[in-house]
Amino acid sequence: MDRFTDKVAVVTGAAQGIGAATALRLAVEGATVAVLDRNTPDDTLALIERAGGTARGYVCDVTDRSSVQAVFDKAASELGDPQILVNNAGITRDDLFFRLTEDDWNAVLAVNLTGAYHCAQVAQKFMVAQRYGKIVSLSSRSALGNRGQANYAAAKAGIQGLTATLAIELGRYNINVNAVAPGYIATAMTAATATRVGMSAEDHQKSVAEHTPLGRVGQPEEVAAVIAFLASDEASYVSGQTLYVNGGAR
Ligand SMILES: NC(=O)c1ccc[n+]([C@@H]2O[C@H](COP(=O)([O-])OP(=O)(O)OC[C@H]3O[C@@H](n4cnc5c(N)ncnc54)[C@H](O)[C@@H]3O)[C@@H](O)[C@H]2O)c1
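Residues numbered from 1 in each chain as written. Predicted model: local features only at pLDDT ≥ 70, side-chain atom pairs only at ≥ 80, totals over all residues. Heavy atoms only, no water.

**Student:** Sorry if this is basic, but what is going on with the packing of helix α1 (residues 17-28) against helix α8 (residues 220-230) here?
**Tutor:** Any two packed helices are characterised by how steeply their axes cross, that is the angle between the axes, and by the distance between the axes. For the pair α1 and α8, the least separation of the axes is 8 Å and the interaxial angle reads 50 degrees. Regarding the angle of α1 to α8, the classification is oblique. Note on packing geometry: the crossing formed by α1 with α8 is right-handed. Contacts between α1 and α8 involve G17, I18, A21, T22, R25 and L26 from the former and P220, E221, V223, A224, A225, I227 and A228 from the latter. Split into classes, the residues belonging to the contact of α1 with α8 amount to nine nonpolar, two polar and two charged. (Axes fitted to C-alpha atoms, helices over the stretch in contact; angles between N-to-C directions. Helix = DSSP H or I, 4+ residues; strand = E, 2+ residues; numbered from the N terminus. Parallel < 35°, antiparallel > 145°, perpendicular 65-115°, else oblique. Left-handed = near helix turned anticlockwise from the far one by under 90°. Contact = heavy atoms within 4.5 Å. Nonpolar A, V, L, I, M, F, W, Y, C, P; charged D, E, K, R; others polar.)

**Student:** I would appreciate a short explanation of the pairing of strand β6 (residues 175-182) in the present structure.
**Tutor:** Looking along a regular strand, one sees the side chains alternate between the two faces of the sheet. Judged by how many residues are buried, β6 sits mostly within the fold: eight of eight residues are covered. Bridge count for strand β5 (residues 133-138) against β6 is six bridges, and the pairing is parallel. Bridge pairing in β6 places L138 opposite V180. Of the crossover connections in this fold, the one passing from β5 over helix α5 (residues 150-170) to the parallel β6 is right-handed. (Buried < 20%, exposed > 50% of the residue type's maximum accessible area, 1.4 Å probe, protein only. Pairing = 2+ DSSP bridges. Right-handed = clockwise from strand over helix to strand, strands pointing away.)

**Student:** What is the right way to read the site of the ligand from this model?
**Tutor:** By nearness alone, 30 residues border the ligand, and D37, N88, Y152, I185 and T187 come closest of all. I18 is positioned such that a nitrogen or oxygen atom in its backbone is 2.8 Å from an oxygen atom of the ligand. At 2.8 Å from an oxygen atom of the ligand is found a main-chain nitrogen or oxygen belonging to I185. Compared with its free state, where it exposes 830 Å², the ligand has 96% of that area covered by protein. Put simply, the parts of the chain that give the shell around the ligand at least two residues each are α1, α4 (102-130), α5 and α6 (188-196). With three residues, the top contributor of residues to the shell around the ligand is α6. When we break the shell around the ligand down by domain, the ones giving at least three residues each are domain 1 (8-183 + 220-245) and domain 2 (186-217). (Near = heavy atom within 4 Å. Polar contact = N/O pair within 3.5 Å; in protein donor to acceptor, adjacent residues only side chain to side chain. Areas by Shrake-Rupley, 256 points an atom, 1.4 Å probe, with all protein chains shown as cover. Domains from an automatic or database assignment.)

**Student:** In this structure, what is going on with the domain arrangement of the chain? I would like to understand it.
**Tutor:** Interfaces are often sized by the accessible area lost when the parts come together. Assigned domains within the chain: domain 1 (8-183 + 220-245) and domain 2 (186-217). On a C-alpha basis, the centroid separation for the pair domain 1 and domain 2 is 23 Å. Each partner contributes to the roughly 590 Å² buried at the junction of domain 1 and domain 2, and carbon and sulfur atoms together form 51% of this total. Along the contact surface separating domain 1 from domain 2 lie two salt bridges. Notably, a salt bridge pairs E222 with R216, separated by 2.7 Å at the nearest N-O pair. Counting every contact that joins domain 1 to domain 2 gives two residue pairs in polar contact (both at pLDDT 80 or more). When contributions to the side of domain 1 that touches domain 2 are tallied by element, the ones reaching two or more residues are α1 and α8. (Buried area = accessible area lost by both parts, 1.4 Å probe. Salt bridge = Lys/Arg side-chain N within 4 Å of Asp/Glu carboxyl O.)

**Student:** Please explain the packing of aromatic side chains as it appears in this structure.
**Tutor:** Ring pairs (aromatic) are described by centroid distance and by the angle formed between their planes. Tallied over the full model, the rule gives zero aromatic pairs. The ring of Y117 carries the charged tip of R65 above its face, separated from the ring centre by 5.6 Å. (Phe/Tyr/Trp six-rings, centres within 6.5 Å; stacked < 30°, edge-to-face > 60°. Lys NZ or Arg CZ within 6 Å of the ring centre and 35° of its normal.)

**Student:** Explain the sheet that holds strand β4 (residues 84-87) here, please?
**Tutor:** Backbone hydrogen bonds are what pair the strands of a sheet, in a parallel or an antiparallel way. An order of β3-β2-β1-β4-β5-β6-β7 is seen for the seven strands of this open sheet, with the pairing classed as parallel. On the outer flanks of this sheet lie β3 (54-59) and β7 (242-245), each paired with one strand and no other. Recorded for the sheet is a direction-independent mean angle of 20 degrees between the axes of neighbouring strands. Running at roughly 165 degrees to β6, α5 makes contact with β5, β6 and β7 of the sheet.

Okay, structure coming up:
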């Protein structure tokens, strides 16, 4: 498939995990990809190069508005104005609510929700000018509530509200705005959760798989495929939606 020929895509938090798989998928389908992360995204760039795609890396903390603006301007001048934004950068700082610190509350809201606000607000300017755009943001199944994740659940529910509202405001400019809400995907993020609860990543995945209708956990590529669909013209009349990608779990 060549769904993203002549498109420029910005993927945040793309040095690893779901972001890396998404950057690769978009690049393989023809997009020129700006690979953003707070860490140097060399592994992702190497993957894309090996697959014959085009990408450039940008180090950027999405919580820092001026850095987001500077990096989007730089990427636009080097790669072209972006048509696609994937708000994927995210962190967890899990704890039970009674001892959840204000630092952990603020850090999770800042990256997962305020970061998406910064990137979407900077990106929409380029998209409105082109009368074309696709914004896909990472929510989570945890938005429905998850023990030990009051901060993360609030941020990911916030992504759903942000998505619904941006779809209403930006629709007239031919900009589609959607979210994906993954369940348990095997990445460094879920491996860290396993460590926190005193389990190996493998055992943790096994126990989650037992409660998942499809009988296994998800892989980053399976989320990337859904993000790519929502970022493509195949989803041209889909906007304001949150699509759960969670193996059938309720
Ligand atoms: N893995 C899962 O099970 C799962 C489930 C639901 C939702 N999600 C969401 O999907 C997204 C990707 O998750 P993942 O599992 O691939 O995580 P991950 O920890 O493997 O990768 C997250 C990436 O975001 C980057 N990042 C973190 N803070 C940043 C910042 N301030 N600025 C720029 N980059 C930053 C990290 O450096 C890292 O490369 C996140 O938004 C996460 O909340 C993940």
